[in-house]
Amino acid sequence: MQYLNISLDIKNKPELDPGFIPVFKFNKAYLKTAKQPFSFAIERNDNQIFVKSTFIQGGEENAEADLLYTERLLKFELWQKGGFKIYINGDASIIGKLKQIYSPDGARAFDAKFMSRVYQKAFEIIGCDKLPEPYESKKVVGGHFDGCRVGVDFGGSDYKVAAVIDGEAVYSNETVWNPKTNSDPDYHLANITAAMKEAAEHLPRVDAIGISSAGLVGNNKVLYAQLYGEVPENLYATRIKDIYAQAVSAVGKDIPFEVANDGDVAALAGAICLSKKNILGLAMGTSYIGGFIDKTGNLSNRISELAFAPADLSPDAAADVWTKDIGVGVQYFCQEAVIKLAPAADIDISGYDTPAKKLKAVQKQLAEGHKGAAAIFKTIGSYLGHTIPQYVEIYGAESYLLLGRVVSGKGGDIIKETAEMVLKDEYPELSAEILLPDEKTRRMGQSVAAASLPKL
């Protein structure tokens, strides 16, 4: 097929979404004739600088393809790394267009506002002749299982708890809740505290509490999370930012605790359970996020909010209701993808009132042999097989661990098998291992791994 004068050969098209255009396929074909240097740097907190050097095709006849390539690449890098200031060395016309796109009236206004809020600095894009030098910090957390520990994993549809004694889980459970639709901070605090106390009841004492949380966290504080998206902004700083510290205090005095992003904890779960390094954990649940542990065993400080990183370049791609962007990961790798694909699979889930119930309804039909339900998970597997090469390029990870409710049960096996088939058939030159742990680890692994976060 041709797209913006770029020839694309896509053999394994997703069964229920044949118009899907993998970002990696497009980029690889585009770069074959791109010779004009183009580079940018993303500045984040703690003096971190991430630099990306590439090429564009140049020329008026390639202007549309050049803008698509650079805008989607910058978007991916921004949501993978996080940052508030972009330095660009390259074509002046592209710089001007990107500035407009990320302006308050531009298509990526949400992205700019979000990053400004997270890092408490105005978002800006500037052109420059020389980029700043790269610098990335690493952190060592997790893997501590001595003593009596509580591990909790707070997602958008449920929370999971584990009581762990010297590395052995003596209790685990899963409870449905609805944080994304509740604006009352007391509701959130009550449920978080109840989760911690539930696990604590199965321990002789509580030596530490580890917390896995959807959203962006830093220094054990909530920077921003869709879990609390309905809480009024004027209450965020006083009621949500330190909500985990408040809950820990309700469990006991001076209990050490550590909070980590759920994608990071997914990677940590893989590193611990499978004795792996250089692994990218992919939490495919209410939303979609990654966490990367490098070759040395260090957890990166990248935000890896892959839910909002581009995955599909089709102009007809589904739109994310939150960011208003199209073709981003949330519509391809979590329960939103299942819901999106259900009509094409001839499955009616309109009678269920929450996304979690809709996912369970599709999984139930899959277990009963519904061919349309199987097609949904094959389609997600195809999406993943075409997208992992992009992750290989960005992260350099050798192993990819799938966790979360979407890969629970038979659906997870189908996703893994389909993704492996796509990788083998279309990207044989790449080395990428897909890991799917046992059923209990798929659903509960993050809460157990979370328990290991604090060091006593």
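Details of the structure are given in the entry above.
All of these numbers come straight from a predicted model, not from anything done at the bench.

On to the packing of helix H1 (residues 23-31) against helix H2 (residues 63-81). In contact at an axis separation of 11 Å, H1 and H2 are set at 130° when each is read in the N-to-C sense. Considered as vectors, H1 and H2 are oriented oblique to each other. Considering how the two elements wind past one another, H1 and H2 form a crossing that is left-handed. Contacts between H1 and H2 involve Phe26, Asn27, Tyr30 and Leu31 on the former and, on the latter, Ala65, Asp66, Leu68 and Tyr69. Looking at side-chain class alone, the contact of H1 with H2 contains 6 nonpolar, 1 polar and 1 charged residues.

Turning next to the pairing of strand E18 (residues 399-403). Counted residue by residue, E18 has 5 buried out of 5 residues, so it is predominantly covered. Neither face of E18 is exposed, since Ser399, Leu401 and Leu403 on one face and Tyr400 and Leu402 on the opposite face are all buried. Relative to E18, strand E15 (residues 279-284) runs parallel, the two sharing 5 bridges. By the bridge assignment for E18, leucine 282 is matched with leucine 402. Note that E18 and strand E19 (residues 433-435) share 3 bridges and pair parallel. The residue of E19 that forms the bridge with tyrosine 400 is isoleucine 434. Between the parallel elements E18 and E19, the chain passes through helix H12 (residues 410-426) in a crossover that is right-handed.

Looking now at the sheet that holds strand E14 (residues 257-261). One open sheet accounts for 5 strands, arranged E10-E9-E8-E11-E14; its pairing is mixed. The open sheet is flanked by strand E10 (168-176) and E14, the only strands paired with a single partner. Within this sheet the neighbouring strands show an average axis-to-axis angle of 15°, counted without direction. Note that strand E9 (residues 158-165) and E10 share 8 bridges and pair antiparallel. The residue of E10 that forms the bridge with lysine 160 is glutamate 174. Contacting strand E8 (148-154), E9, E10 and strand E11 (208-213), helix H5 (residues 185-200) runs over the sheet at an angle of about 30° to E9.

The rules we used
Residues numbered from 1 in each chain as written. Predicted model: local features only at pLDDT ≥ 70, side-chain atom pairs only at ≥ 80, totals over all residues. Heavy atoms only, no water. Axes fitted to C-alpha atoms, helices over the stretch in contact; angles between N-to-C directions. Helix = DSSP H or I, 4+ residues; strand = E, 2+ residues; numbered from the N terminus. Parallel < 35°, antiparallel > 145°, perpendicular 65-115°, else oblique. Left-handed = near helix turned anticlockwise from the far one by under 90°. Contact = heavy atoms within 4.5 Å. Nonpolar A, V, L, I, M, F, W, Y, C, P; charged D, E, K, R; others polar. Buried < 20%, exposed > 50% of the residue type's maximum accessible area, 1.4 Å probe, protein only. Pairing = 2+ DSSP bridges. Right-handed = clockwise from strand over helix to strand, strands pointing away.

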